[in-house]
Every structure is written in structure tokens, then in C-alpha cells.
There are 2 protein chains.
Amino acid sequence: MAYRFHLLDELTEHFRRLPGIGNKSAQRLAFYLLNMPEEEATAFADAIRRAKQNVRSCRICQNLTEGEICAICGDSGRNKEIICVVENPSDVLAIEKTGEFKGLYHVLHGAISPMDNIGPGDIRIKELLARVSDGSVRELIIATNPTVEGDATAIYLSKLLKPLGLKTTRLAFGLPMGGDLEYADELTLAKALENRRDL
Amino acid sequence: MAYRFHLLDELTEHFRRLPGIGNKSAQRLAFYLLNMPEEEATAFADAIRRAKQNVRSCRICQNLTEGEICAICGDSGRNKEIICVVENPSDVLAIEKTGEFKGLYHVLHGAISPMDNIGPGDIRIKELLARVSDGSVRELIIATNPTVEGDATAIYLSKLLKPLGLKTTRLAFGLPMGGDLEYADELTLAKALENRRDL
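Being a predicted model, the structure only gives us computed values, none of them experimental.

### A word on the interface of chain B and chain A
No. 1: Tallying the contact residues gives 55 residues for chain B and 55 residues for chain A.
No. 2: A combined buried area of about 5500 Å² lies between chain B and chain A, and 69% of that area is made up of carbon and sulfur atoms.
No. 3: Our count for the chain B to chain A interface comes out at six salt bridges.
No. 4: At the junction of chain B and chain A, the tally comes to 13 residue pairs in polar contact (both at pLDDT 80 or more).
No. 5: Those elements that provide at least two residues to the side of chain B that touches chain A are α1 (6–16), α2 (23–35), α3 (38–54), β2 (64–65) and α4 (89–98) of chain B.

Below is the structure:
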């Protein structure tokens with residue numbers, strides 16, 4: 001095309017780099033932003049800048065926080081003997097929504113993935129080891145994703161932590177609730193069979 | 001949920017307000033942004049701010065531009081006797097991509113929609129009338145969308161402009177190229193029949 005809008009293209013390109021946003025969506029979002037009231041667009045830009053500048057990792061669990069220590073680690077009502085190990089901060093939100101877990105978390109910020117050149121040293125395993133070294137932790141629930149990378153990370157962690165006398169468990173795999181057996185994929189169905197329980 | 005991240009929530013909320021982005025996507029985008037390198041996130045925020053501050057409407061065609069007059073209106077090689085009237089700036093980009101149109105554009109920034117309380121005075125029709133008033137324009141191609149609102153706008157414009165002795169045309173409706181007849185919706189198929197041409 002002969003005619004280009006430099007600033008519009010630049011904004012479109014920024015949107016395009018976000019996950020799950022293609023060329024068309026990026027253009028639509030850029031146009032939408034240009035049609036926003038000035039204050040709203042400025043507030044958006046400010047929100048990005050402030051979030052980026054003020055959100056950091058919790059010194060204890062590595063989850064995102066705006067302070068030194070996150071609200072969960074700072075809550076004296078939580079059970080400090082159980083740590084749930086997850087890949088990402090969004091996993092913490094998902095588990096918190098269940099309201100079923102009252103322990104603490106540890107956010108690895110990724111999973112071991114040799115294909116992507118991500119080894120144990122590239123995720124926050126060192127920080128997890130430091131946390132459990134004083135013997136105050138009783139159980140580690142490995143809640144990494146049910147993927148090749150999540151599995152590899154779970155196995156690595158369990159081999160590393162079991163010798164320290166820690167109980168390590170993993171989330172159960174099986175049929176999703178409310179799902180239809182006929183639509184379950186084979187891997188899930190196989191897992192559900194393998195992990196069947198006495199009634 | 002008991003624990004909230006103020007800045008993260010704020011950023012998520014900004015993403016959620018964008019068209020086509022739901023709660024889950026907004027959260028994912030906010031997390032993605034927090035994981036970006038600082039410079040990239042800052043560049044994103046800057047791009048929003050600068051685009052919003054510097055992109056305005058072309059004084060002639062109302063398309064978005066970074067100057068006083070857009071690149072198309074400023075191009076002496078374009079045919080100034082034909083104006084293609086579209087609803088949005090993105091429509092200009094779409095038509096330019098075909099490389100088939102060498103005239104000028106007029107961007108209405110919307111369409112007449114009584115349901116949404118948008119009347120003729122709320123879109124840039126006044127500016128269009130001013131452009132054609134000196135008699136230099138020969139043909140107006142109404143390229144509003146094939147929707148109820150686009151049709152209403154097209155009919156309104158044609159009634160308004162025909163008395164001025166202007167030729168007004170509308171884009172052809174029919175089967176999309178490369179499509180399969182069997183998958184065309186009834187309205188499109190009916191239009192294709194109605195507008196059939198001699199071979």
C-alpha cells in the first residue's frame with residue numbers, strides 16, 4: 001500500500017505482538033483506541049506504564065505483587081506447611097477462585113522445556129528450594145500444567161524434593177466435571193481409566 | 001476473591017473494554033504485558049499516547065491522518081471527480097488494498113442508526129455536502145456496509161445528493177468470490193439473483 005499512517009501502524013504493531021491477536025484484530029483495536037475519549041486512552045497508557053513499573057515478584061512465593069511480599073504470603077491465616085507450585089501467576093488466580101486451597105503458593109514463572117531451551121535454572125526452582133530448606137514445609141502440591149513441559153517440571157521437582165523428606169503430590173487428572181465422556185480426548189480418557197478409584 | 005492486585009486489575013479492565021476481548025483474554029494480555037521487557041511495555045504505552053495525540057481527521061475527507069490533510073487527499077495523481085463514501089477509516093484501507101480505486105474518499109465515521117440514536121447530523125455528512133457543493137465532483141460511490149444501518153445511510157445520501165445532479169452508485173452485492181454457493185446465506189443469494197447480469 002502506498003499510504004501509511006506511521007503512528008497508527010506502530011500502535012497496530014504493538015497490539016499484533018500480543019498473544020492471540022492477529023493482523024485484523026490488531027488494526028481494529030488500534031482504530032478503536034483512536035476513537036476512544038482522550039482521557040480513557042491516556043488512562044490505558046498510564047495503566048500499562050504503572051503496572052509495569054510497580055508490579056514485581058513477591059520475595060517469598062515469586063507471585064506478582066505491588067509490594068515486597070504478596071497478600072497471600074502476608075496472610076497469617078494461611079497454612080504455611082503446604083505449598084502449591086504453579087507455572088504462572090494466572091494459575092494462582094484460578095486456584096484461589098476455587099476457594100479450596102488455604103496454603104501458600106510458589107510461582108515458577110514457566111516450565112522446563114528443552115525444546116525452548118528452558119532448563120531448571122531458568123525458572124524459579126532455586127527460590128523454591130530455599131523456601132523448603134528450613135523444614136517448615138510439610139507438603140508440596142505440584143500443580144504444573146498437564147502438558148509435556150508441565151509433566152517434565154513435575155518429575156524434576158519430585159526427584160529433587162523427595163530426598164529432602166517432603167511429601168510431594170500432583171493434581172489429579174481425569175474427566176473434566178460437566179463434560180461429556182464421548183467428547184473427552186483419548187489422553188484424558190486414558191488418564192481417567194488409569195486413575196480410577198474405588199466406589 | 002480476597003486478594004486483588006490493584007494495578008493488574010486496572011490494566012486488565014482496560015483490555016476488557018476493547019472490542020472482542022473477554023475477561024479471560026484481558027487477564028492473559030495483562031499478564032503478558034507484565035512479562036514484557038520494560039522498554040517494550042513503555043513503547044506500547046507511548047504508542048497509545050502518541051497516536052491518540054497526533055492522529056486527527058483529514059480536513060477534506062475526514063479520514064485519519066497525522067497531518068492537516070491525509071496522504072490520499074494530498075496526492076495529485078488521484079482522480080478528484082470520484083468520491084468513495086465509507087463508514088470507517090478501516091474501510092479506506094480495505095479498498096486501497098484492492099488497488100482498483102483511484103479517486104478520493106469520504107469517511108462518515110459511522111452510519112445512520114435510529115436504534116442507537118445516531119442521526120444524519122451525528123456523522124460527517126455536512127462535510128461531504130460542503131465538498132460536493134462546488135460542482136467539481138462527478139460521481140459518488142456509496143460504499144457503506146451491507147447492513148440495515150449502511151443501507152439507511154446509502155438511501156439517505158442518495159436522496160440528498162441526486163437533486164444536486166450528482167451520479168451516485170453503490171457497491172455491488174452478490175456472492176463472494178471463491179465462496180461456495182451452498183454456503184451462501186439466503187439474503188446474499190437473493191441479492192445475487194436479483195442483481196444477475198447478462199453473460
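### Observations regarding the pairing of strand β5 (residues 139–142) of chain A
Residues and elements named next belong to chain A.
No. 1: Burial along β5 is two-sided: the residues E139 and I141 and L140 and I142 are all buried.
No. 2: Relative to β5, strand β3 (residues 79–86) is paired through four bridges, and the arrangement is parallel. Considered in β5, the bridge of I83 is made with L140.
No. 3: Across four bridges, the pairing between β5 and strand β6 (residues 167–170) is parallel.

### Structural notes on the domain arrangement of chain A
Interfaces are often sized by the accessible area lost when the parts come together.
No. 1: Partitioning chain A into domains gives domain 1 (6–54) and domain 2 (77–198).
No. 2: Computed from C-alpha coordinates alone, the two centres of domain 1 of chain A and domain 2 of chain A are separated by 34 Å.

### Remarks on the sheet that holds β6(A)
All names here are of chain A.
No. 1: A sheet is described by the order of its strands in space; here four strands give the open sequence β4-β3-β5-β6, paired in parallel fashion. The open sheet terminates on both sides in strands that have one partner only, identified here as β4 (103–107) and β6. The sheet shows a mean angle of 25° between the axes of neighbouring strands, taken without regard to direction.
No. 2: Seen against the sheet, helix α6 (residues 148–161) touches β3, β5 and β6 and runs at an angle of roughly 165° to β6.

### A short note on the nonpolar core
No. 1: F15(A) and F15(B) are the most contacted members of the largest nonpolar core, which totals 44 residues.
No. 2: Broken down by secondary-structure element, the contributors of at least two residues to this core are α1 (6–16), α2 (23–35) and α3 (38–54) of chain A together with α1, α2 and α3 of chain B.

### Section: the side chain of R131(A)
All names here are of chain A.
No. 1: Summarising the element assignment, R131 is placed in helix α5 (residues 125–132).
No. 2: For the buried residue R131, which engages in no salt bridge, the nearest side chain bearing the opposite charge is D134, 8.5 Å off.
No. 3: If near-sequence neighbours (up to four positions away) are discounted, R131 is found in contact with I60, C61, I83, L104, Y105, H106 and V137.

### Structural notes on the sheet that holds strand β5 (residues 139–142) of chain B
All names here are of chain B.
No. 1: The four strands lie next to each other as β4-β3-β5-β6, forming an open sheet whose pairing is parallel. Looking at strand neighbours, the two that pair on one side only are β4 (103–107) and β6 (167–170), the edges of this open sheet. Direction aside, the axes of adjacent strands within the sheet are offset by 25° on average.
No. 2: Pairing between strand β3 (residues 79–86) and β4: five bridges, direction parallel. Residue C84 lies in a different strand from β4, and its bridge partner there is Y105.
No. 3: Where helix α5 (residues 125–132) meets the sheet, its contacts fall on β3, β4 and β5, and the angle it forms with β4 comes to roughly 150°.
No. 4: Sheet contacts for helix α6 (residues 148–161): β3, β5 and β6; angle to β6, the most-contacted strand, approximately 165°.

### Topic: the environment of R124(B)
Residues and elements named next belong to chain B.
No. 1: Here R124 is to be found in the loop between β4 and α5.
No. 2: Here R124 falls in the partly exposed class, since its relative accessible area comes to 25%.
No. 3: The spatial distance from the C-alpha of R124 to the C-alpha of H109 is 6.6 Å, given a sequence separation of 15 residues.
No. 4: Among residues more than four places away in sequence, those in contact with R124 are S57, Q62, H106, V107, L108 and H109.
No. 5: A polar side-chain atom of R124 sits 2.8 Å from a polar atom in the side chain of Q62.

### Points about unusual backbone geometry
Excluding glycine, a negative phi dihedral is what most residues carry, and trans is how most peptide bonds are arranged.
All names here are of chain A.
No. 1: Positive phi outside glycine occurs at Q62, with the angle close to 70°.
No. 2: Checked against the element boundaries, Q62 lands in the loop between β1 (56–57) and β2 (64–65).
No. 3: A relative accessible area of 8% means that Q62 is categorised as buried.
No. 4: If you check the backbone angles, H109 has positive phi at about 60° while not being a glycine.

Rules used throughout
Residues numbered from 1 in each chain as written. Chains lettered and ligands numbered in written order. Predicted model: local features only at pLDDT ≥ 70, side-chain atom pairs only at ≥ 80, totals over all residues. Heavy atoms only, no water. Contact = heavy atoms within 4.5 Å. Buried area = accessible area lost by both parts, 1.4 Å probe. Salt bridge = Lys/Arg side-chain N within 4 Å of Asp/Glu carboxyl O. Polar contact = N/O pair within 3.5 Å; in protein donor to acceptor, adjacent residues only side chain to side chain. Helix = DSSP H or I, 4+ residues; strand = E, 2+ residues; numbered from the N terminus. Buried < 20%, exposed > 50% of the residue type's maximum accessible area, 1.4 Å probe, protein only. Pairing = 2+ DSSP bridges. Domains from an automatic or database assignment. Axes fitted to C-alpha atoms, helices over the stretch in contact; angles between N-to-C directions. Core = buried A, V, L, I, M, F, W, Y, C linked by side-chain atoms within 4.5 Å. Lys, Arg positive; Asp, Glu negative; His and termini not counted.

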